[in-house]
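Chain and residue survey
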Amino acid sequence: MRRKPFEPPMLPLQDGVIDQLKFIHELIDANKSIVEYETMLKNSKLHPKFLLRPVMLKEAVQSTKLEGTQVTLDDVMEVEAETKKVNKDIQEALNYYEALIKGMDFLQRIPLSNRLFKYLHEILLSNHVRGANRAPGEFRKIQNFIGPEGCTIETATYVPPEPHLVYDYMSNLEKYINEPKDDFDELIRVAIIHAQFETIHPFLDGNGRIGRILIPLYLYSKKVIEFPNFFISDVLERDKHKYYRFLNEIRYEGNWNQWIRFFLQCIKVQAKKNVQLIQDINELYERDLDVASKLINSSHVRHIMNVMFQRPIFTVKTIVELTGMSESTVRRYVNKLEQHQLIFSNGRMRSKTYYYYNLLDYLR
């Protein structure tokens, strides 16, 4: 039987729809995990800005994988190092990364808003990727639907609101983001906001990715996190069938408590993974900086290591551009690091690409 276009409730949700007692333990654990992660980040031996880039690139890969792309972190980093040609899957990940960066910058000037969503969407569908002809930067004016590949609207698992209702729903969501009238914790609110955005499905394409970008940008704008580098696409990709089912059960069964419990569990799992990642990277930084310092008797060694932690796949040109050191000096130092197996290269005579596998192994 064909589903009719769904009409979700406006926000805030009516009293009684959400019962915090049903997921109070998950809420406490999620908040504790976020605080632990933020504390680790502040006290990291490596400045958070050096962690931000590779972690955001990993998020870009994971989020686009949820949409069916075949791309790896190595692919994206090799394109950035200008040693691999870009294809549409890699470009989608790069667009996502660009949207994250521009979203952070944009928040310095305007709040989370429909204007921002449209701007991010335009970036997401730029550079001739799939969906580039599907009204980038504009809310949809035709009906869309969600379901398995090849399905029709008659066999869809979900049919979002009719297009003439999109503006009203998105205006309501924008108001809720900036002027909430409930007393929920911010982690509950971001779960509601993400679910409502995906339920409205305001664009013809790219809704999942914009909805996931919304999560760190919202937490950053509300000062829950100090850097917008807390992502849960990795966890959602692992449990994607549960993720999609629980979103649908909000719509057709009103089961908000189940969704919020799941979302909070995802936050806790991701925060714990992030804490472990920071611990591992701190230990790696200290250990390999010590090794590199014994090989290279120069104060420049720290600058080289900092570049390697931002761009673990790189060329001599990469380090020259980011440190200002001369090419001959960089080449000499990089050769020493390769000789002692701190880094490895693809062995080419020209445009040699170097791989800092010690870090890549933690990021992949």
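This structure is a prediction, so every number in the text was calculated from the model and none was measured.

Comments concerning the UniProt feature "active site" (unreviewed entry) in the protein
Listed under "active site" (unreviewed entry) in the UniProt record, and renumbered for this structure, are His201. Structurally, His201 is set in the loop between α7 (186-200) and α8 (207-221). Setting aside chain neighbours within four positions, we find His201 in contact with Arg140, Asn144, Ile146, Pro160 and Asn207.

Section: the UniProt feature "binding site: ATP" (unreviewed entry) in the protein
UniProt's feature table lists "binding site: ATP" (unreviewed entry) at Glu67, His201, Asp205, Gly206, Asn207, Gly208, Arg209, Ile210, Gly211, Arg212, Tyr243 and Tyr244, given in the numbering used throughout. Structurally, Gly208 is set in helix α8. According to the relative accessible area criterion, Gly208 is buried, its value standing at 11%. Residues in contact with Gly208, not counting those within four places in the same chain, are Glu67 and Glu198.

Looking at the environment of Ile343
Inspection of the secondary structure puts Ile343 in the loop between α14 (327-339) and β2 (344-345). Look at Ile343 and you get buried, because its relative accessible area is 0%. Considered as a pair, Ile343 and Ile260 are 83 residues apart in the sequence and their alpha carbons are 43 Å apart. Leaving out residues up to four positions away in the same chain, Ile343 has contacts with Met308, Phe314, Val334, Leu337, Glu338, Tyr354, Tyr355 and Tyr356.

A word on helix α6 (residues 163-178)
Here α6 spans 24 Å end to end across 16 residues, near enough to the 22 Å set by a 1.5 Å rise per residue. Among all positions of α6, only Leu165, Val166, Tyr169, Met170, Asn172, Leu173, Tyr176 and Ile177 are buried. The buried residues of α6 occupy an angular sector of 160° when the element is viewed end-on, so they sit on one face. In this structure, α6 carries His164 and Tyr167 as exposed residues pointing more than 90 degrees from its buried face. The inward-facing, buried residues of α6 contact α5 (114-124), α7 and α8.

Section: the domain arrangement of the protein
As a measure of interface size, the accessible area lost when the parts come together is often cited. Considered domain by domain, the protein is made up of domain 1 (20-273) and domain 2 (296-363). With centres defined by C-alpha atoms, the gap from domain 1 to domain 2 works out at 33 Å. Between domain 1 and domain 2, the contact holds 13 residues from the first and 15 residues from the second. With both sides pooled, the region where domain 1 packs onto domain 2 buries about 1400 Å², and carbon together with sulfur makes up 60% of that total. Counting the contacts that link domain 1 with domain 2 gives one salt bridge. Where Lys317 meets Glu82, a salt bridge forms, and the shortest distance between an N and an O atom there is 3.2 Å. Between the two partners, domain 1 and domain 2, sit four residue pairs in polar contact (both at pLDDT 80 or more). Residue composition of the side of domain 1 that touches domain 2, by class: six nonpolar, one polar and six charged.

Here we look at the pattern of salt bridges
Under the definition given, this model contains 24 salt bridges. A salt bridge links Lys42 to Glu226; the shortest N-O distance between them is 3.1 Å. Taken as a pair, Lys42 in helix α1 (residues 24-42) and Glu226 in the loop between α8 and α9 (233-238) lie far apart in primary sequence, 184 residues in all. The exposure class of Lys42 is exposed, given its relative accessible area of 53%. A salt bridge links Asp74 to Arg364; the nearest nitrogen and oxygen atoms lie 2.7 Å apart. With Asp74 in helix α3 (residues 73-80) and Arg364 in the segment after α15 (357-363), this residue pair connects regions lying 290 residues apart in the sequence. Three or more residues joined by partner-sharing salt bridges are found here, namely Asp89, Glu92, Arg130, Asp205 and Arg209.

What about unusual backbone geometry?
Of note, the bond from Leu11 into Pro12 is cis; its omega dihedral lies within 30 degrees of zero at 0°. With respect to the helices and strands, the residue Pro12 is situated in the segment before α1. For Glu82, which is not a glycine, the phi torsion comes out positive at approximately 65°. Of note in the backbone geometry, Lys223 takes a positive phi value of approximately 65° without being a glycine. Along the polypeptide, Lys223 turns up in the loop between α8 and α9. Classification of Lys223 as exposed rests on a relative accessible area of 74%.

Some details on the sheet that holds strand β1 (residues 313-314)
Taking strand neighbours across the sheet as the criterion, the three strands line up as β1-β3-β2 in an open arrangement whose pairing is antiparallel. Each having just a single partner strand, β1 and β2 make up the two edges of the open sheet. Here β2 pairs with strand β3 (residues 354-355) via two bridges, running antiparallel. Directly across from Ser345, in β3, lies its bridge partner Tyr354.

Section: the packing of helix α12 (residues 300-310) against helix α13 (residues 316-323)
Packed helix pairs are specified by the crossing angle of their axes together with the interaxial distance, meaning the distance between the axes. With their axes 10 Å apart at the nearest point, α12 and α13 run at an angle of 115° to one another. The chirality of how α12 crosses α13 is right-handed. Contacts between α12 and α13 involve His303, Ile304 and Val307 on the former and, on the latter, Thr318, Ile319, Leu322 and Thr323. Along the lines of polarity and charge, the residues of the contact of α12 with α13 split into four nonpolar, three polar and no charged.

About the criteria used
Residues numbered from 1 in each chain as written. Predicted model: local features only at pLDDT ≥ 70, side-chain atom pairs only at ≥ 80, totals over all residues. Heavy atoms only, no water. UniProt positions renumbered as here; feature names shortened; annotations may be inferred. Helix = DSSP H or I, 4+ residues; strand = E, 2+ residues; numbered from the N terminus. Contact = heavy atoms within 4.5 Å. Buried < 20%, exposed > 50% of the residue type's maximum accessible area, 1.4 Å probe, protein only. Expected span 1.5 Å × (residues − 1). Arc of directions from axis to C-beta. Domains from an automatic or database assignment. Buried area = accessible area lost by both parts, 1.4 Å probe. Salt bridge = Lys/Arg side-chain N within 4 Å of Asp/Glu carboxyl O. Polar contact = N/O pair within 3.5 Å; in protein donor to acceptor, adjacent residues only side chain to side chain. Nonpolar A, V, L, I, M, F, W, Y, C, P; charged D, E, K, R; others polar. Pairing = 2+ DSSP bridges. Axes fitted to C-alpha atoms, helices over the stretch in contact; angles between N-to-C directions. Left-handed = near helix turned anticlockwise from the far one by under 90°.

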